[in-house]
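Chain by chain, the residues:
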Amino acid sequence: MEEFVERAVERGLKAIGFADHNPLPRGLGANVRMKEAELDDYVKCVLDLRRQYEGRIEVLLGLEMDYVEGLEDYLTAQVAGQPWDYIIGSIHYLDAECTQISWPRNFTGETAWLYSRYFELVRKMVRSGLCDVVAHFDVPKRSGRAHTEHQTGDITRTLKEIVRAGICLEINTSGYRHPELRRPDTYPTRTIIAEAVALGIPLAVNSDAHTPEDVGLKFDEMERLLARHKDARLVSFRSRRQVAA
Ligand SMILES: [Zn+2]
């Protein structure tokens with residue numbers, strides 16, 4: 001994890017946040033997340049890095065929390081149990097058994113169903129009050145099926161739910177390294193970012209780096225993009241409160 005911080009220092013970033021995937025009970029989605037027994041070590045490791053780099057860069061303690069219907073009590077305890085700076089809420093699964101991925105590459109059903117089910121769960125997650133940031137808002141496009149005007153109503157409804165909850169939308173640059181997309185793109189795409197800005201939703205830029213090389217991926221381009229939106233409000237987090245970035 002130290003290499004990620006080193007890379008962020010080299011890039012001149014003011015802060016770096018870690019947000020590993022949260023443990024889930026009964027081995028749900030176990031191939032992509034920490035085990036319950038690893039959570040304390042993860043937290044300690046990030047807090048140690050915070051102390052080690054004090055004065056050079058701020059190290060934030062985050063968590064990417066899968067929202068799964070029916071696990072609200074489990075997640076509430078998880079979120080309350082550590083001194084998190086921020087919780088990124090994400091929908092990686094369309095079912096409570098965590099078997100249906102929200103961007104299935106072999107998806108053969110209706111695109112309309114894929115997006116409507118996904119956004120339904122995003123709205124439930126937003127209403128749950130468990131998260132501070134909504135992750136990779138239009139991630140089903142990673143299936144190769146882009147959203148179209150048919151999803152406009154669902155997208156707007158979901159953004160308005162984010163407004164009501166007073167939480168923040170992530171601009172995630174990992175789409176620049178995802179070969180499944182038809183062309184490199186942010187999550188969400190530019191038109192949704194513009195709509196979010198118009199609705200006054202605060203934004204947080206995240207490279208979702210899985211290797212040190214990807215820390216800060218395309219941040220210079222994001223700066224140019226956001227400079228074009230003079231009303232855009234960029235935020236960071238301390239102890240689950242929004243602060244100006
Ligand atoms: Zn994710």
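Residues numbered from 1 in each chain as written. Predicted model: local features only at pLDDT ≥ 70, side-chain atom pairs only at ≥ 80, totals over all residues.

### Topic: the nonpolar core
When a protein is soluble and globular, its nonpolar side chains tend to lie buried together. The following threshold applies: By convention in this section, buried Ala, Val, Leu, Ile, Met, Phe, Trp, Tyr and Cys residues joined through C-beta atoms within 7 Å make up a nonpolar core. Residues with at least 20 other C-beta atoms within 10 Å of their own are called buried, those with 12 or fewer are called exposed, and the rest are partly exposed. The C-beta atoms themselves are positioned from the backbone. Counting from the N terminus, the helices are DSSP H or I runs at least four residues long and the strands are E runs at least two residues long. Placing C-beta atoms from the backbone, we regard two residues as in contact once those atoms come within 7 Å.
Within the largest apolar cluster, 56 residues are counted, with the highest numbers of intra-cluster contacts made by V133 and V134. Per element, the largest residue contribution to this core is eight residues, and it comes from helix α4 (residues 111-128). In this view, V133 contacts Y86, I88, G89, I167, C168, E170 and A204; residues no more than four positions away in its chain are not counted.

### With respect to helix α6 (residues 190-198)
Here is the rule we go by: The arc in question is the one traced by the directions running from the helix axis out to the C-beta atoms.
The complete set of buried residues in α6 reads I192, I193 and A196. Taken end-on, α6 shows its buried residues confined to a sector of 105 degrees, consistent with a single buried face. Facing away from the buried surface of α6 by more than 90 degrees, the exposed residues are T191 and A198. In this structure, the buried residues of α6 make contact with α5 (152-165), β5 (168-172) and β6 (203-206). One or two positions beyond α6, positive phi appears at G200, with a value near 80 degrees.

### Remarks on the sheet that holds strand β3 (residues 86-90)
The pairing of strands in a sheet happens through backbone hydrogen bonds and is either parallel or antiparallel. Here is the rule we go by: For two strands to pair, DSSP has to find at least two bridges joining them.
The six strands are arranged β1-β2-β3-β4-β5-β6 in an open sheet whose pairing can be described as parallel. The open sheet has two free edges, formed respectively by β1 (15-21) and β6, since each of these has just one partner strand. Where β1 and strand β2 (residues 58-66) come together, seven bridges link them in parallel fashion. Looking at β2, one finds that A15 is bridged to E58.

### Regarding the environment of R11
Summarising the element assignment, R11 is placed in the loop between α1 (2-10) and β1. Distance in space between the C-alpha atoms of R11 and R182 is 28 Å, their sequence separation being 171 residues. Beyond its immediate stretch of four places on either side in the chain, R11 contacts V215 and G216.

### Here's the deal with the environment of A80
Considering the arrangement of structural elements, one finds A80 in helix α3 (residues 72-80). Given 9 C-beta atoms within 10 Å, A80 falls into the exposed group. Along the sequence, A80 and L130 sit 50 residues apart, while their C-alpha atoms lie 9.5 Å from each other.

### Some thoughts on the pairing of β2
Here is the rule: Consider the strands pointing away from the viewer: the crossover is right-handed when the path from the first strand over the helix to the second runs clockwise.
With seven of nine residues buried, β2 lies mostly within the body of the structure. In terms of handedness, the path from β1 via helix α2 (residues 39-52) over to β2 forms a crossover that is right-handed. Judged from the five bridges that link them, β2 and β3 form a sheet pairing that is parallel. The partner of G62 across the bridge, within β3, is Y86.

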